[in-house]
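The residues making up each chain are set out below.
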Amino acid sequence: MGKMKGNRLNTAANVGTFVTGRQQLKQQRNMAANTNALLQQQRAMLEIQKQQAYEADYDRLLNRTDRAVAEGRMSQGEADYALLSARTDRAVAERRKNPNEAFHELLVARADLDVAEGRQSRDEANAHIELEWYNHLNPAPKPGTRVTHSFGAMLTASLNSVTAGWYNKEPGVARRWDGVRWTMETMPAAAAKEIARREWQSVTPEGREQKSRTTAGILGILLGFVGAHRFYLGDKGWGVVQAAVFVLTFAFTFGFVGLWGVIEGIMILCKANTFSRDASGVPLK
């Protein structure tokens, strides 16, 4: 009897614990729902405040542009453009308009305004739109995409910063970078490479430092395994490659890869055409 009574008491206690747990879970859910409702209310209030602030800013801008137009400090077209720009920025901030779409819309509106007020012809405006839109969509070139006269020159270019010149952009097409932005000048990549080769071969020693053929040759024979002669000639790309190949393959080739530099050193001393100029195109002395 005592044992049965104890089991009944345990069962009652378990039931009571289960009921209490359900009540606590229900309370927690109610608290979470109240918290979510409060957060949503706060977000709604914040959006209202943002909208009010935007409307106040827009009203001030409208008053300023109206006053500027009345005083002759701004044309009506410029005032309309300023208001359009403010509305477009707002639409982008609220994710109602794609940033690229907004940029193009303002670009066209600005060009149309310049044409209407006689600052540009329609052809000039269209060319301006095309140029600005292309630069907006295409980032600056990478150094390694520069069109050069040789593979080694391309390796060296990849180690330097971007400068004005022709760069491989579209397949088989080179486009000119003026040092700040893309231009609309294009040509076949093969033609651009030929221009680079001719420019490299046309460099004269006047006013330039000439590298010593003898020094380059000796460096190639003695330290060519780490590309010393290449670095001396300014051909950093091949210099890095030679040093890296030697370090990575030394254990497998027992240093025989160092003969690469020795051979090039001999070619330099023998006045091979491949080593008639330094990386800048200046003839060796």
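All of these numbers come straight from a predicted model, not from anything done at the bench.

**Quick word on the overall build of the protein chain**
In terms of helices and strands, the protein chain carries ten helices and three strands. Its helices and strands taken in sequence order, the protein chain reads α-α-α-α-α-β-β-β-α-α-α-α-α from the N to the C terminus. For the protein chain, the proportion of its 285 residues judged to be buried stands at 27%. Summed over its atoms, the accessible surface of the protein chain is roughly 18500 Å², and 58% of this surface lies on carbon and sulfur atoms.

**Comments concerning helix H3 (residues 99-116)**
Between its first and last C-alpha, H3 extends 26 Å over 18 residues, near the 26 Å set by a 1.5 Å rise per residue. Of the residues making up H3, those classed as buried are Ala 102, Leu 106, Leu 107, Ala 111, Leu 113 and Asp 114. Buried residues of H3 fall within an arc of 165° about the axis and therefore sit on the same side. Where H3 is buried, its residues contact helix H2 (76-93) and helix H4 (122-137). N-cap assignment for H3: the residue whose side-chain oxygen lies 2.8 Å from the backbone N of Asn 100 is Asn 98.

**A look at the packing of H2 against H3**
Relative orientation of the contacting elements H2 and H3 amounts to 180°, with a least axis distance of 10 Å. Taken together, the axis directions place H2 and H3 in an arrangement best described as roughly antiparallel. For the pair H2 and H3, contact is made by Gly 77, Glu 78, Tyr 81, Leu 84, Ser 85, Thr 88 and Val 92 and by Pro 99, Ala 102, Glu 105, Leu 106, Ala 109, Arg 110 and Leu 113, respectively.

**Considering the sheet that holds strand S3 (residues 182-188)**
The three strands are arranged S1-S2-S3 in an open sheet whose pairing can be described as antiparallel. A strand with exactly one partner marks an edge of an open sheet, and here the two such strands are strand S1 (165-168) and S3. Strand-to-strand twist in this sheet, taken as the mean axis angle between neighbours without regard to direction, amounts to 35°. Of the strand pairs in this sheet, S1 and strand S2 (residues 173-177) are connected by four bridges, and their pairing is antiparallel. By the bridge assignment, Gly 165 is partnered in S2 with Trp 177. Its contacts with the sheet place H4 against S2 and S3, and it is angled at close to 85° to S3. On the sheet, helix H6 (residues 189-201) packs against S1, S2 and S3 and is oriented at approximately 95° with respect to S3.

**A look at the pattern of salt bridges**
Scanning all chains against the criterion turns up 15 salt bridges. Put simply, Arg 96 and Glu 94 hold a salt bridge, and the shortest N to O gap is 2.6 Å. Overall, the relative accessible area of 31% leaves Glu 94 in the partly exposed class. Beyond isolated ion pairs, a larger network of salt bridges with shared partners links Glu 78, Arg 110, Asp 114, Glu 117 and Arg 119.

**Some remarks on a nonpolar patch on the surface**
On the surface, Ile 218, Ile 221, Leu 222, Leu 223, Val 226, Ile 266 and Leu 269 cluster together to form a nonpolar patch covering roughly 560 Å² of accessible area. Of all the secondary-structure elements, those providing two or more residues to the nonpolar patch are helix H7 (213-223) and helix H10 (259-269). Element by element, the count of residues in the nonpolar patch is highest for H7, at four residues. Relative to the assigned elements, Leu 222 resides in helix H7.

**Notes on unusual backbone geometry**
Notably, Arg 95 is not glycine yet its phi reads approximately 65°, a positive angle. By the element assignment, Arg 95 lies in the loop between H2 and H3. Overall, Arg 95 belongs to the exposed group, its relative accessible area being 79%. Of note, Lys 271 is a non-glycine position whose phi angle comes to about 60°, a positive value. Judged by its relative accessible area of 60%, Lys 271 is exposed.

**Description of the pairing of S2**
Remark: four residues form the turn of the hairpin made by S1 and S2, two consecutive strands paired antiparallel; Gly 172 in that turn has positive phi of roughly 75°. Taken together, the four bridges between S2 and S3 define a ladder with antiparallel strand orientation. Note that in S3 the partner of Ala 174 across the bridge is Met 187. In this antiparallel pair of consecutive strands, S2 and S3, the connection spans four residues, and Gly 179 shows a positive phi of 105°.

**What to know about H7**
Those residues of H7 that fall on the buried side of the exposure criterion are Arg 213, Ala 216, Gly 217 and Gly 220. For H7, the angular spread of the buried residues around the axis is 100°, confining them to a single face. On the buried face of H7, the contacting elements are helix H8 (228-232) and H10. One side-chain oxygen at the N-terminal end of H7 lies 3.3 Å from the backbone nitrogen of Thr 214; it belongs to Ser 212.

Each value, and the rule that gives it
- Residues numbered from 1 in each chain as written.
- Predicted model: local features only at pLDDT ≥ 70, side-chain atom pairs only at ≥ 80, totals over all residues.
- Heavy atoms only, no water.
- Helix = DSSP H or I, 4+ residues; strand = E, 2+ residues; numbered from the N terminus.
- Buried < 20%, exposed > 50% of the residue type's maximum accessible area, 1.4 Å probe, protein only.
- Areas by Shrake-Rupley, 256 points an atom, 1.4 Å probe, with all protein chains shown as cover.
- Expected span 1.5 Å × (residues − 1).
- Arc of directions from axis to C-beta.
- Contact = heavy atoms within 4.5 Å.
- Polar contact = N/O pair within 3.5 Å; in protein donor to acceptor, adjacent residues only side chain to side chain.
- Axes fitted to C-alpha atoms, helices over the stretch in contact; angles between N-to-C directions.
- Parallel < 35°, antiparallel > 145°, perpendicular 65-115°, else oblique.
- Pairing = 2+ DSSP bridges.
- Salt bridge = Lys/Arg side-chain N within 4 Å of Asp/Glu carboxyl O.
- Patch = residues over 30% accessible without salt bridge, like charges linked within 9 Å, V, L, I, M, F, W, Y side chains within 5 Å.

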